[in-house]
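Coordinate analysis (summary)
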Amino acid sequence: GLSGAAAGNYVIATTGNTPGTLTINPAALTWSVGNAISTYGTTATPGTVTLNGIVNSDSITATPVITNNNVAVTLAPRTAAGIYQETVSGISGANASNYVIATSGNTPGTLTINKAPLSWAVADATSTYGTLAALGTIKLNGLVGGDVVNATTAVAQNGTPVTPAPRTPAGTYQETVTGITGTDAANYVIATSGNTPGILTINKAPLSWAVVDDTS
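Residues numbered from 1 in each chain as written. Predicted model: local features only at pLDDT ≥ 70, side-chain atom pairs only at ≥ 80, totals over all residues. Heavy atoms only, no water.

Some words on the overall build of the chain
Looking only at helices and strands, the chain features zero helices and 16 strands. Whereas a compact globule of 216 residues would reach a radius of gyration of roughly 17 Å, the chain reaches 37 Å, over 25% beyond that. Summarising its shape, the C-alpha atoms of the chain cover approximately 160 × 25 × 25 Å along the three principal directions. The buried share of the chain, reckoned over its 216 residues, is 26%. (Helix = DSSP H or I, 4+ residues; strand = E, 2+ residues; numbered from the N terminus. Rg over C-alpha atoms; globule rule 2.2 N^0.38 Å. Buried < 20%, exposed > 50% of the residue type's maximum accessible area, 1.4 Å probe, protein only.)

Observations concerning the pattern of salt bridges
A side chain with one charge may pair with a side chain of the opposite charge, provided their charged atoms come close. Applying the stated criterion across every chain yields a total of two salt bridges. Asp147 is paired through a salt bridge with Arg78; the nearest N and O atoms lie 2.6 Å apart. Linking Asp147 in the loop between β11 (138–141) and β12 (150–157) with Arg78 in the loop between β5 (71–72) and β6 (82–92), this pair joins segments that are 69 residues apart in sequence. Its relative accessible area of 10% is what places Asp147 among the buried residues. (Salt bridge = Lys/Arg side-chain N within 4 Å of Asp/Glu carboxyl O.)

Things to note about the pairing of strand β9 (residues 116–122)
Burial analysis of β9 places five of its seven residues in the buried class, the great majority of the element. Where β9 lies against strand β15 (residues 188–190), three bridges are found, and the strand directions are parallel. Across the sheet, residue Leu118 finds its bridge partner in β15, namely Ile190. Alignment of β9 against β11, held across four bridges, turns out to be antiparallel. Counted as the bridge partner of Ser119 is Asn141 from β11. (Pairing = 2+ DSSP bridges.)

Here we look at a nonpolar patch on the surface
On the surface, Leu2, Tyr10 and Ile12 cluster together into a nonpolar patch covering about 350 Å² of accessible area. With respect to the helices and strands, Ile12 occurs in the segment before β1 (27–33). Residue Ile12 is classed as partly exposed on the basis of its relative accessible area of 47%. (Patch = residues over 30% accessible without salt bridge, like charges linked within 9 Å, V, L, I, M, F, W, Y side chains within 5 Å. Areas by Shrake-Rupley, 256 points an atom, 1.4 Å probe, with all protein chains shown as cover.)

Concerning the sheet that holds β15
One open sheet holds the three strands; their spatial order is β11-β9-β15, and the pairing between them is mixed. The sheet terminates laterally at β11 and β15, the two strands that pair on one side only. On average, each strand axis in the sheet is tilted by 35 degrees relative to the strand beside it, whichever way the strands run. (Axes fitted to C-alpha atoms, helices over the stretch in contact; angles between N-to-C directions.)

Below, the structure is given as structure tokens:
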């Protein structure tokens, strides 16, 4: 339509007109993801996503994407211990079509999955001087089902390391765990408390005797 003081002198032509196009571009949303910490053996909860630039009460949500060395990771209880990056790659919601993720001004988060602590207990053991002592059985507490982790036992007496051998002197020795190995060992750390050392007792060897008769 026409308006104005002289509008009555004009009429809109029915031909020869050139329409214009009004383009309303999607609004750019920047995002930030909060840092998060978890422990191996539990499914990690990513950091909270904050979207900046949403108009009024528009409904927009974003789910963080977890990657390690640019490879997407699906979080699970057995996701390896380590450091992962949290980013946003897409948005959803009733008004998502009106927005686009900004290509700059975003703040990724860091998800840290810590190693799980393993406490240990070593059973007492008994041997006799002259034989190589068999050390007590080790029990590791805190393993996630299906993981393969083995423990290394150390023997000491009064704080001095001892390598058991058939001629290790009779006496009592302390058995402890000093390290772990195995396919999944990188996901664990030895606990600093709650451990139970074992005692290795090497008994004296019995000597029987006989006196040979002597005739003179």
